[in-house]
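# Overview (structure and organization)
Residues per chain are reported as follows:
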Amino acid sequence: MIISIDSNSGFCFGVTRAIQAAESELEKGSLYCLGDIVHNGQEVARLELKGLATIDYDDLRTLPAHSRVLLRAHGEPPSTYWIAKQRGIEIIDATCPVVKKLQDRIRACYESHRNDESVPPQIVIYGKPGHAEVIGLQGQTNNTAIVIESAEQLDRLDFSRPIYLFSQTTKSVEGFQELVEKISSLRHDVMSSCSFEYHDTICRSVANRVKELQAFARSNDLVIFVGGSKSSNAKVLYQHCLEANPNTLFVSSADELNNLTTKWSNSEAGLRIGICGATSTPLWLMEKVKEEIEKTQ
Ligand code: SF4
C-alpha cells in the first residue's frame, strides 16, 4: 500500500492561532475555553489533558472573578464580553482576525442603517443558524440579522426593502453566488428601488480547499477522511471528497479503523490510500490514522 496524507488538510490559520494561544496561556495557569476550542473531540481531549477546561454560557455566568477565559477562533457576540466585564473575568481573545474583521463590517453596517425607519433595512447572513460564528455575527446587529442557510429560505426576506448580505466565513462560494442571483432576480420582480449590497466574506483558507481536496481524492484508490462528528466543515468537505472519489470513508478517530480493515487488507499490492481531513482536524490525528493503517499491512 502507498499511504499519503494530504498536505493541504488540517487546521486553518485561525484555529492554529487559537490553539497556540491556549497552549501558551496554559503555561501561565488555569484556563477555561468558552465552547469546544475546535470541533474535534480528539484535539479537545488532548488540550483538556493539559488543563484546558471547556465551559458553556451558564458556567461563564458563575465563574469567580479573575478567572481566565479563552474565546475561540469562531468569535463571540458583544454580550459575552459584557458578561465577562461584569464578573471581572479576564478574556483571552483568540477570535480569528478574519472573523473579527467580518464582525466589525457587520456592526458598521448595522450602526449606519439602524435608524433608517422609513424603509427598515435587512441585514442577512448566509450561514448555519446556531453555529458559533453566526451567533457572534448576529450579536453585532443586536440579534436583528436574518440567517439564511439556502436559497429555499429566501421567502423570509422582504424584497421591497434594502438588503445587506454577508456570509459566514465557511460557507460555499457557489451557494453565496446562487443567493446573490436569486435575490437580484426577486428584487427585479417587485421592481425594488432599494439598495442591495452583498459582501462575499467567505474565507479563502477554506473555500480553496475544495478543489485541492478533490484532486487529492481522485489521485487515490481509497480515501480516509478524518473529521470530528460535530464539525460542519468536516461534513461539507467529506461530501466533496465523496463526490470526487466514491471510495471515501469517514472516521473520527484511529479506533474506528478496526471495523474497516477489510477495505484494504484484501486488496492488490500498490493500493493508494489517501488520508485527509477538515480545517478542524489536527495533523497528529491524521498521522495516527496513517500509523494504524500501516500496522495492518
Ligand atoms: S476558516 Fe478562515 S475565518 Fe474561519 S477560523 Fe479559519 S482562517 Fe479564520
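Residues numbered from 1 in each chain as written. Predicted model: local features only at pLDDT ≥ 70, side-chain atom pairs only at ≥ 80, totals over all residues. Heavy atoms only, no water.

### So, the domain arrangement of the protein
It is common to report an interface's size as the accessible area lost on association of the parts. Put simply, the test is: Start and end positions for the domains come from either an automated domain assignment or a database one. Contacts are assigned to residue pairs that have any heavy atoms within 4.5 Å of one another. Between N or O atoms, a polar contact is any pair within 3.5 Å; within protein, one atom must be a potential hydrogen donor and the other a potential acceptor, and residues adjacent in sequence are included only when both atoms are from side chains.
Each domain of the protein was delimited in the assignment, giving domain 1 (2-9 + 206-295), domain 2 (13-96) and domain 3 (98-203). Taken residue by residue, the interface counts 12 residues in domain 2 and 12 residues in domain 3. At the boundary of domain 2 with domain 3, the tally comes to four residue pairs in polar contact (both at pLDDT 80 or more).

### Examining the packing of aromatic side chains
Just so we agree on the cut-off: Planes of paired rings set the category: under 30 degrees apart is stacked, over 60 is edge-to-face and the rest tilted, where pairs are Phe, Tyr or Trp rings (Trp by its six-membered ring) whose centres lie within 6.5 Å. Helix and strand labels come from DSSP, where a helix needs a run of H or I of at least four residues and a strand needs a run of E of at least two; each type is numbered from the N terminus. Under the scheme applied here, a residue whose accessible area is under 20% of the maximum for its type counts as buried, over 50% as exposed, and between as partly exposed, the area being computed with a 1.4 Å probe on protein chains only.
Taken as a whole and assessed by the stated rule, the structure comprises five aromatic pairs. Here the aromatic rings of Phe-225 and Phe-250 are separated by 5.8 Å at their centres, their planes lie at 20°, and the arrangement is stacked. Separated by 25 residues along the polypeptide, Phe-225 in strand E10 (residues 222-226) and Phe-250 in strand E11 (residues 248-251) bring together distant segments of the chain. Centroid distance Tyr-238 to Phe-250: 5.2 Å. Interplanar angle 80°. Geometry classified as edge-to-face. Of this pair, Tyr-238 sits in helix H10 (residues 232-244) while Phe-250 sits in strand E11, placing them 12 residues apart in sequence. Relative accessible area serves as the criterion here: at 27%, Phe-250 is assigned to the partly exposed category. Ring-pair connections join several aromatic residues into one group, and the members of that group are Phe-225, Tyr-238 and Phe-250.

### Here's the deal with unusual backbone geometry
The phi dihedral of His-66 is positive, around 75°, even though this residue is not glycine. Within the secondary structure layout, His-66 lies in the loop between helix H3 (57-60) and strand E4 (68-71). What makes His-66 exposed here is its relative accessible area of 68%. One non-glycine residue, Asn-143, adopts positive backbone phi at about 60°.

### Side note on the environment of Ser-184
Mapped onto the secondary structure, Ser-184 falls in helix H7 (residues 173-189). Once the C-alpha coordinates of Ser-184 and Glu-292 are considered, the two residues, 108 residues apart in sequence, prove to be 51 Å apart. Looking at Ser-184, its side chain comes within polar contact range of the main-chain oxygen of Val-180, at 2.7 Å.

### Overview of the site of the ligand
Rule in force here: Proximity is defined per residue: any heavy atom of the residue falling within 4 Å of a molecule or strand makes that residue near it. Lys, Arg, Asp and Glu make up the charged group, whereas Ala, Val, Leu, Ile, Met, Phe, Trp, Tyr, Cys and Pro make up the nonpolar group; the residues left over, Gly among them, are polar.
Surrounding the ligand, one finds Cys-12, Gly-14, Cys-96, Val-98, Val-99, Thr-169, Cys-203 and Val-206. Taken together, the residues that form the shell around the ligand break down as six nonpolar, two polar and no charged.

### A word on the pairing of strand E3 (residues 52-55)
The two faces of the sheet receive side chains in turn, since in a regular strand these alternate between them. Selection criterion: Pairs of strands are assigned from DSSP output, requiring at least two bridges between the strands. Throughout, right-handed denotes a crossover for which the path from the first strand over the helix to the second runs clockwise when the strands point away from the viewer.
Where strand E2 (residues 31-34) and E3 come together, four bridges link them in parallel fashion. Among the inter-strand pairings, Leu-34 is bridged to a residue of E3, identified as Ile-55. With respect to chirality, the unit in which E2 leads through helix H2 (residues 41-49) into the neighbouring parallel E3 is right-handed.

### Quick word on the pattern of salt bridges
For clarity, the threshold we go by: The salt bridge criterion pairs a side-chain nitrogen of Lys or Arg with a carboxyl oxygen of Asp or Glu, the two atoms within 4 Å.
On inspection of all chains with the given rule, the structure shows 14 salt bridges. In this structure, the salt-bridge partner of Glu-25 is Lys-28, at a minimum N-O distance of 3.1 Å. Judged by its relative accessible area of 12%, Glu-25 is buried. Shared partners join several salt bridges into a network, and the residues in it are Glu-23, Glu-43, Arg-46 and Lys-50.

### Things to note about the packing of helix H5 (residues 97-113) against helix H6 (residues 132-139)
Operational definition: Interaxial angles span 0 to 180 degrees and are taken between N-to-C directions of axes, which are lines fitted to C-alpha atoms, for helices over the stretch in contact. Helix crossings fall into two classes, left-handed where the near helix is turned counterclockwise from the far one by less than a right angle and right-handed where it is turned clockwise.
Running from amino to carboxyl end, H5 crosses H6 at an angle of 35°, the nearest separation of the two axes being 8 Å. Considering the relative orientation of H5 and H6, their crossing is right-handed. Note on element contacts: H6 touches H5 through Glu-133, Gly-136, Leu-137 and Gly-139, opposite Val-99, Leu-102, Gln-103, Ile-106 and Arg-107. Here the residues of the contact of H5 with H6 sort into four nonpolar, three polar and two charged.

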